[in-house]
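Below, each chain spelled out in residue letters.
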Amino acid sequence: TLVRVENKVVRRISSEKVKDFVLGYVRGLDASVIEEDCTPGEIEEMLLRGGNVYFSDALLEGLRPLDLDTKEDTAEESYFFFRNGYVRVTAEGYELLPYSQMDGVIWEDQIIERDFVDLQGTDGHETWEWHQHLHYVSGQDPERHNALCTGIGYLLHGWKDPSKTKAVIFMDEEDADFEEGRSGKSLTARALQEMVPTVRIDGRNFRFRSQFAFQRVREDTQVVDFNDVRPKFPFERLFSLITGEMPVERKGRDEFTIPFEQSPKFLLSTNYVVEGGGASFEDRTFQIEFAPYYSPDWTPVDEFGHRFFEDWGEEEWAQFDNIMLACVRQYLRDGLVEYEHVNLRRRKLRQETHSDFAEWITGFIDLGRRYDKKALWRSFKEAYEPDHDHRTSYQTTQWVKIFAQIYDYSVEESKSGSTRYIKLCETE
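Residues numbered from 1 in each chain as written. Predicted model: local features only at pLDDT ≥ 70, side-chain atom pairs only at ≥ 80, totals over all residues. Heavy atoms only, no water.

1. Comments concerning the overall build of the protein
This is how it is decided: Secondary structure follows DSSP: runs of H or I at least 4 residues long count as helices, runs of E at least 2 residues long count as strands, and numbering of each begins at the N terminus. Taken over C-alpha atoms, the radius of gyration is set against a globule rule of 2.2 Å times the number of residues to the power 0.38. Exposed residues in this analysis have more than 50% of their type's maximum accessible area, buried residues have under 20%, and partly exposed residues fall in between, with area computed by a 1.4 Å probe over protein chains only. Here a residue-residue contact requires only that any non-hydrogen atoms of the pair lie within 4.5 Å.
In terms of helices and strands, the protein carries 15 helices and 17 strands. Against the globule reference of 22 Å for 428 residues, the protein gives a C-alpha radius of gyration of 28 Å, more extended than a compact globule. For the protein, the spread of C-alpha atoms along the three principal axes comes to 105 × 55 × 40 Å. Buried residues in the protein amount to 46% of all 428 residues. Within the protein, residue pairs in contact and separated by at least 24 positions form 71% of the contacts whose partners lie at least 6 positions apart.

Here is the structure:
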């Protein structure tokens, strides 16, 4: 990647920009400082005539590689770069500092194109629009609100802990028939783009098998946002990217690899429940339900009278910045805060089995009781006949095991003569 480093900012440039820079430099030369028997104009003419050589890709590839000392987050601190200075966030709070005090360099895309106003200690933050929005989508539940805030803080914190590598999942609390975005998931995910370099990917049409699936990811990308992922999204394909380095291949360019420490974190938003189970899945996900405060008939515009981001003035932006930095502070202090999910298990059971079975099994099964598998099968069919007459005893048993896995019950199977039994128990 061709870059220019100026005033502690790294900017990506093209070979044409290199040519413009060199020609501009030559035009500004004082003829008296040129030792050779030629003028700046003659040097410029020579460069123009031999431009295909002097500024060719082959020659530019021979430029000295830069060992950039970038300003990066640490386990205890996170940094955000505004026009009027950079903000250092810790578990105790945050402060605006001048760039003259900053060691290292930053990427141009990391600069937030607005001034930062410190509102710490200001009363009435409960009335700020962005705070109210996060409160509403959290079901006005303090525990879920804390979980959402720490999830946002985790994504904004650029440092990666090898022992805490998770994808954050925004999902609807209830089954929804309308398109993604109406419950506030997409809007909340959009907020990350206003703070850190973020790549948003169309989750419905994304395919891992595409050779250039992640070609828009760059060295400074901090978040990859899979927007509106489809049912049956193969989440396990993300495991290696969440916990390891990230290979990136672009059309017409050599593949390069972003090491784990600099690789982006992942956010998924979905109307559905992301399928997966077991310790590996749980270790790699942080799932947050969005309450049905908004709907097709009541949008954030209806609630606040204008669009977020596009219609904000300086006051709303200042409040937004302080809330987002407060999320980072909360994460640095508390880590990812879990909460008791409202409908996650029920929705997952409905999605992985059948809505009728999910309704039946939760009201039928008694823990610790041994059931004849065929008797269970007949009871389910009779409860919803004739809709499930085609179900087999084997399929019903598999659904019972899925139910046990989702609700963390242990399964005991036994046999007496020709009769096969199954029993679910609390996991010790």
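After that view, the rundown keeps rolling.
2. Quick look at a nonpolar patch on the surface
Selection criterion: The residues that make up patches have over 30% relative accessible area and no salt bridge, and they are joined within 9 Å when like-charged or within 5 Å when they are Val, Leu, Ile, Met, Phe, Trp or Tyr. Note on areas: Shrake-Rupley with a 1.4 Å probe; residue coverage comes only from the protein chains shown. A carboxyl oxygen of Asp or Glu within 4 Å of a side-chain nitrogen of Lys or Arg is what we treat as a salt bridge.
Side chains of M46, V53, Y54 and L59 sit close together on the surface and give an oily, nonpolar patch of about 360 Å² of accessible area. With respect to the secondary-structure elements, V53 resides in helix α3 (residues 51-54). Among the residues examined, V53 registers a relative accessible area of 54% and is labelled exposed.

3. Brief notes about the sheet that holds strand β15 (residues 370-372)
This is how the line gets drawn: Here a strand pair is declared whenever DSSP counts at least two bridges between the two strands. For helices, the fitted axis covers only the stretch in contact; all axes are lines through C-alpha atoms, and the angles between them, taken along N-to-C directions, range from 0 to 180 degrees.
Taking strand neighbours across the sheet as the criterion, the three strands line up as β15-β17-β16 in an open arrangement whose pairing is antiparallel. Edge positions in the open sheet fall to β15 and β16 (409-416), since each of these has one partner strand only. Sheet twist, expressed as the average angle between the axes of neighbouring strands with direction ignored, equals 25°. Here β15 pairs with strand β17 (residues 419-426) via three bridges, running antiparallel.

4. Some remarks on a negative patch on the surface
Let me state the cut-off plainly: Neither His nor the chain ends is counted toward charge; the positive residues are Lys and Arg and the negative residues Asp and Glu. Where a charge sits is defined by one atom per residue type, namely NZ (Lys), CZ (Arg), CG (Asp) or CD (Glu).
A surface patch of like charges, here negative, comprises E16, D20, D57, E61 and D254. Looking at where D20 falls in the secondary structure, it is placed in helix α1 (residues 15-27). Among the residues examined, D20 registers a relative accessible area of 48% and is labelled partly exposed.

5. Quick notes on the sheet that holds strand β9 (residues 198-202)
The strand order across the open sheet built from five strands is β9-β10-β13-β8-β14, with neighbouring strands paired in parallel fashion. The two strands at the open ends of the sheet, each matched to only one other strand, are β9 and β14 (285-290). For this sheet, the mean angle separating the axes of adjacent strands, direction not counted, is 20°. Where strand β8 (residues 167-172) meets β14, six bridges bridge the pair, whose relative direction is parallel. Residue D172 lies in a different strand from β14, and its bridge partner there is F290. Against the sheet, helix α6 (residues 142-156) engages β8, β10 (223-227), β13 (265-270) and β14, with an angle of about 130° to β14.

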